[in-house]
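# Working through the structure, step by step
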Amino acid sequence: MLLVFVASIIGSFGAVFLKLGAAKLHGGFWKIFNVQLAIGVILFLGSSAFFVSGIRHGQLSVLYPMVSLGYVWTLVWSRIFFKEAFTRQKFLGLALILIGVCFVGLGS
Amino acid sequence: MSSTAITSPVDQPDDRARQRSIGLVFCCTILGAAAQILMKSGANHFVPGLMGLITNVPLMCGYVLYGMSTVLLVLALKDGELSLLYPVIALTYVWVTGLSFLIFHDTANVSKLVGIVIIVLGVGVLGKGGRS
């Protein structure tokens, strides 16, 4: 379970780097090969490695919601690193998605 | 900014840009789900070793689709907010659950169905935008 928790944190940083790298695309599509995107992809791969090893010892009903914790971290990082606003819409949408993922996990 | 004055409040450029980004993430989740299904069926008859990996067509197609879905996500993030777009990826659960049901004949149950409906609602909230 701890492994999946770690996976969610690593994955959320992957998203931050993906966002950083995406900003470079304003200089043209082929700017898609940049360091930030590469780091983002590596972090995503790392996170899925943690997830796969975590999934071997745990139940999906617990693990799925843990993975979606990554959405919560990402909300916080977006605020800190990109000055994106917290809005009621984001909280409500995210809350619904988290509840939904819990239900899907329970049924798996 | 003067051009924004003539557009109606329900169809502001902000709204359209956000919906375009969410549309891209939407496609990203479909590709991602297809990738997961392909990788699952590839893993089911996986032969260990490098040749086993390279000649495993479903697995390889899965990786390619994953790559494509990542490109779409990056294109969406170019103009969209990370905090808004990232949770939309949860739609992948919806497609994977549906496809697993169709292809692998996984069991559907009330809990999964309720979960799917709530996820879709949540994505709907993010896509619609708050009238703040």
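Residues numbered from 1 in each chain as written. Chains lettered and ligands numbered in written order. Predicted model: local features only at pLDDT ≥ 70, side-chain atom pairs only at ≥ 80, totals over all residues. Heavy atoms only, no water.

### Description of the overall build of chain A
For chain A, the count of helices and strands is 4 helices and 0 strands. Of the regular secondary structure in chain A, the N- to C-terminal order runs α-α-α-α. Here chain A, with 108 residues, has 40% of them falling under the buried criterion. Expressed as a percentage of contacts within chain A between residues at least 6 apart in sequence, the contacts between residues at least 24 apart total 68%. Of the roughly 5,700 Å² of accessible surface on chain A, 76% is carried by carbon and sulfur atoms. (Helix = DSSP H or I, 4+ residues; strand = E, 2+ residues; numbered from the N terminus. Buried < 20%, exposed > 50% of the residue type's maximum accessible area, 1.4 Å probe, protein only. Contact = heavy atoms within 4.5 Å. Areas by Shrake-Rupley, 256 points an atom, 1.4 Å probe, with all protein chains shown as cover.)

### Notes on the pattern of salt bridges
For the structure on display, the rule yields 1 salt bridge over all chains. Between Lys 90 of chain A and Glu 81 of chain B there is a salt bridge, with the nearest N and O atoms lying 3.1 Å from each other. Of the two residues, Lys 90 of chain A sits in helix H4 (residues 88–107) while Glu 81 of chain B sits in the loop between helix H3 (57–79) and helix H4 (82–85), which places them in two different chains. We classify Lys 90 of chain A as buried; its relative accessible area is 2%. (Salt bridge = Lys/Arg side-chain N within 4 Å of Asp/Glu carboxyl O.)

### Here we look at the nonpolar core
If you look at the biggest cluster of nonpolar residues, it comprises 40 residues, and the most contacted ones within it are Tyr 71 of chain A together with Ile 119 of chain B. Listing elements by their share of this core, those giving two or more residues are helix H1 (2–23), helix H3 (60–82) and H4 of chain A together with helix H1 (13–44), H3, H4, helix H5 (91–103) and helix H6 (110–128) of chain B. Sort the elements by how many residues they give to this core and H3 of chain B lands first, with 6 residues. With residues near it in sequence (within four places) discarded, Ile 119 of chain B still touches Leu 96, Ile 97, Gly 100, Val 101 and Val 104 of chain A together with Ala 90, Leu 91, Tyr 93 and Val 94 of chain B. (Core = buried A, V, L, I, M, F, W, Y, C linked by side-chain atoms within 4.5 Å.)

### A short note on the state of the cysteines
Residue and element names in this part refer to chain B. Counted under the stated rule, the structure contains 0 disulfides over all chains. With no disulfide of its own, Cys 28 lies 8.7 Å from the sulfur of Cys 27, the closest cysteine sulfur. With relative accessibility at 6%, the residue Cys 28 sits in the buried group. (Disulfide = S-S within 2.5 Å.)

### Considerations on the environment of Gly 11 of chain A
Note on placement: Gly 11 of chain A falls in helix H1. By relative accessible area, which is 5% here, Gly 11 of chain A ends up buried. Considered as a pair, Gly 11 of chain A and Gly 70 of chain A are 59 residues apart in the sequence and their alpha carbons are 6.6 Å apart. Discounting chain neighbours no more than four positions away, the residues touching Gly 11 of chain A are Phe 44 and Ser 47 of chain A together with Tyr 86 of chain B.

### Details of H3 of chain B
Residue pairs spaced three or four apart in an α-helix point in one direction, given the helix's 3.6 residues per turn. The first and last C-alpha atoms of H3 of chain B sit 34 Å apart over 23 residues, in line with the 33 Å expected at 1.5 Å per residue. Pro 58, Leu 59, Gly 62, Leu 65, Ser 69, Leu 72, Leu 73, Val 74, Ala 76 and Leu 77 of chain B are the residues of H3 of chain B that are buried. (Expected span 1.5 Å × (residues − 1).)

### Examining the interface of chain A and chain B
Between chain A and chain B, the residue contacts involve 38 residues of the former and 35 residues of the latter. Both faces combined, the contact of chain A with chain B buries some 3,000 Å², and carbon together with sulfur accounts for 74% of it. Among the residues of chain A in contact with chain B, Tyr 71, Gln 89 and Ile 97 of chain A are the three that bury the most area, contributing 21% of the side total. Between the two partners, chain A and chain B, sit 14 residue pairs in polar contact (both at pLDDT 80 or more). Mapped onto the side of chain A that touches chain B, the elements with two or more residues apiece are H1, helix H2 (35–57), H3 and H4 of chain A. For the side of chain A that touches chain B, the element with the most residues is H4 of chain A, which contributes 14 residues. Its residues placed into classes, the side of chain A that touches chain B shows 25 nonpolar, 10 polar and 3 charged. (Buried area = accessible area lost by both parts, 1.4 Å probe. Polar contact = N/O pair within 3.5 Å; in protein donor to acceptor, adjacent residues only side chain to side chain. Nonpolar A, V, L, I, M, F, W, Y, C, P; charged D, E, K, R; others polar.)

### Focus: H4 of chain A
Its 20 residues place the ends of H4 of chain A 29 Å apart at the C-alpha level, agreeing with the 28 Å of an ideal helix rising 1.5 Å per residue. Listed as buried for H4 of chain A are Gln 89, Lys 90, Gly 93, Leu 94, Leu 96, Ile 97, Gly 100, Val 101, Val 104, Gly 105 and Gly 107 of chain A.

### Considerations on the confidence of the model for chain A
Here chain A averages 89 in pLDDT, while 100% of its residues score no lower than 70. Taken element by element, the predicted model of chain A shows its lowest mean pLDDT in H2 of chain A (88) and its highest in H1 of chain A (93). (pLDDT = per-residue confidence, 0-100.)

### Section: the side chain of Ser 111 of chain B
Take Ser 111 of chain B: it is sitting in helix H6. Given the relative accessible area of 18%, Ser 111 of chain B is considered buried. Among all residues touching Ser 111 of chain B, those that are not within four sequence positions of it are Phe 103, Val 104, Leu 106 and Gly 107 of chain A.

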